[in-house]
Amino acid sequence: MTSRVVAAMMPLALAACVSSPPLGGAGAVVADAGGLPPPGREDLVSASRPYLVGPFDKLRIDVFGVEDLQRDVQIDASGNLSFPLIGTVDVAGMTPNELAQSIRQRLEGQYIRNPHVTVNLLETVSQAVTVDGQVNDPGVYPVVGQMTLMRAVATAGGVGEFARLSDVVVFRRTNGQKMVGLYNLEGIRRGNYPDPPIYANDVVIVGESPARRMFENIIQGSSSFSDTSNTWYTCICC
């Protein structure tokens, strides 16, 4: 009796299933049997997105040759940096290189002749993306370098068992306006669509497939009645 119920429910669970989109897409070249060619040097060192300093970030500042001006600092909640000789500086929104230039200009002439300043990021808190929904490890993750939608999902442990790959939503605030984008992760994976960039403060939500969850519940319910069944069911659902 149980097997009949499962068989009857199978068409309902499979109704939402779709075939995978074809490989490639506009502007994409599908490799032949010889495989993908190696990337060129310029592909490996392509310019990454500049990092912007924000509240609570930790930085390493070195003024070459001045031991007392080599230290680790943390940006305060208002985006200000306190540093010897130059006092408090509003640094929120600067790149590390811009901050180094600002410190150099403030030190030059009045305190140190021709100072050499470097600023390196130790830990980021302000530049982060939230990944939630049907992912294996939802949470808040730092955005350093070129973050894309696929990389953000992978950082969160990949998609969960009941993920609906055609229903991935990105929330973003641009110039004070809240905006929402809907993406098909399966299509992006197969090269049909470009992998969109993800920025700090974005919120990525991977949707849930009711068909996948219903199918799992059917199988679990049937197995509780028949422990000796050797029948396996597979559903590739959207």
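Structural data are supplied above this passage.
These notes cover the structure that comes with them. From a predicted model like this one, the values you see are computed outputs, not experimental measurements. (Residues numbered from 1 in each chain as written. Predicted model: local features only at pLDDT ≥ 70, side-chain atom pairs only at ≥ 80, totals over all residues. Heavy atoms only, no water.)

**Some remarks on the side chain of T124**
Right, so step 1: Along the chain, T124 turns up in the loop between β5 (117-123) and β6 (128-133).
Right, so step 2: Taking the relative accessible area as the measure of exposure, T124 reaches 16% and is therefore buried.
Right, so step 3: Polar side-chain contacts of T124 include one of 3.5 Å to the backbone nitrogen of Q127.
Right, so step 4: T124 has contacts with Y51, D57, P142 and V144, leaving out every residue within four places of it along the chain. (Helix = DSSP H or I, 4+ residues; strand = E, 2+ residues; numbered from the N terminus. Buried < 20%, exposed > 50% of the residue type's maximum accessible area, 1.4 Å probe, protein only. Polar contact = N/O pair within 3.5 Å; in protein donor to acceptor, adjacent residues only side chain to side chain. Contact = heavy atoms within 4.5 Å.)

**Focus on the sheet that holds strand β1 (residues 58-63)**
Right, so step 1: Read from one edge to the other, the open sheet built from 3 strands follows the order β2-β1-β5, with strand pairing classed as antiparallel. Among the strands making up the open sheet, the edge pair consists of β2 (70-74) and β5. Ignoring strand direction, the axes of neighbouring strands in this sheet form an average angle of 25°.
Right, so step 2: Pairing of β1 with β2 involves 5 bridges; the strand directions are antiparallel. Of the residues in β2, the one forming a bridge with K58 is Q74.
Right, so step 3: Lying over the sheet, helix α3 (residues 96-107) contacts β1 and β5, oriented at roughly 140° with respect to β5. (Pairing = 2+ DSSP bridges. Axes fitted to C-alpha atoms, helices over the stretch in contact; angles between N-to-C directions.)

**Things to note about the pattern of salt bridges**
Right, so step 1: Tallied over the full model, the rule gives 5 salt bridges.
Right, so step 2: Note that K58 is salt-bridged to E123, the shortest N-O span being 3.8 Å. Remark: E123 occurs in strand β5 and K58 occurs in strand β1; sequence separation between them is 65 residues.
Right, so step 3: Between E108 and R104 there is a salt bridge whose closest N-O contact spans 2.9 Å.
Right, so step 4: When salt bridges with common partners are traced through the structure, they connect R60, D62 and D72 into a single cluster. (Salt bridge = Lys/Arg side-chain N within 4 Å of Asp/Glu carboxyl O.)

**Details of the pairing of strand β4 (residues 87-90)**
Right, so step 1: Two strands pair when backbone bridges link them, and strand β3 (residues 80-83) and β4 are joined in this way by 4 bridges, in the antiparallel orientation. Counted as the bridge partner of F83 is G87 from β4.
Right, so step 2: Taking the residues between adjacent antiparallel strands as the criterion, β3 and β4 are bridged by 3 residues, where L85 takes a positive phi near 75°.

**Observations concerning unusual backbone geometry**
Right, so step 1: Even without being glycine, F56 reaches a positive phi, approximately 70°.
Right, so step 2: According to the relative accessible area criterion, F56 is partly exposed, its value standing at 41%.
Right, so step 3: Residue L85 is not a glycine yet carries a positive backbone phi of 75°.
Right, so step 4: Inspection of the secondary structure puts L85 in the loop between β3 and β4.
Right, so step 5: Taking relative accessible area as the criterion, L85 reaches 45% and is therefore assigned partly exposed.

**Quick notes on α3**
Right, so step 1: Across its 12 residues, α3 extends 17 Å between first and last C-alpha, which sits within 8% of the 16 Å expected from 1.5 Å per residue.
Right, so step 2: Residues of α3 that are buried: P96, L99, A100, S102, I103 and L107. Considered in projection along α3, the buried side chains sweep an arc of 160° and stay on one side of the axis. In α3, the exposed positions that point more than 90 degrees away from the buried face belong to N97 and Q105.
Right, so step 3: Against β1, β3, β4 and β5 lie the buried residues of α3.
Right, so step 4: Looking one or two residues beyond α3, the residue adopting positive phi is G109, at roughly 85°. (Expected span 1.5 Å × (residues − 1). Arc of directions from axis to C-beta.)

**Looking at the environment of P196**
Right, so step 1: Counting through the fold element by element, P196 comes out in the loop between α5 (185-189) and β10 (203-208).
Right, so step 2: Of the residues examined, P196 reaches a relative accessible area of 10% and is grouped as buried.
Right, so step 3: Each C-alpha atom, one on P196 and one on Y183, is 8.8 Å from the other, the two residues being 13 residues apart in sequence.

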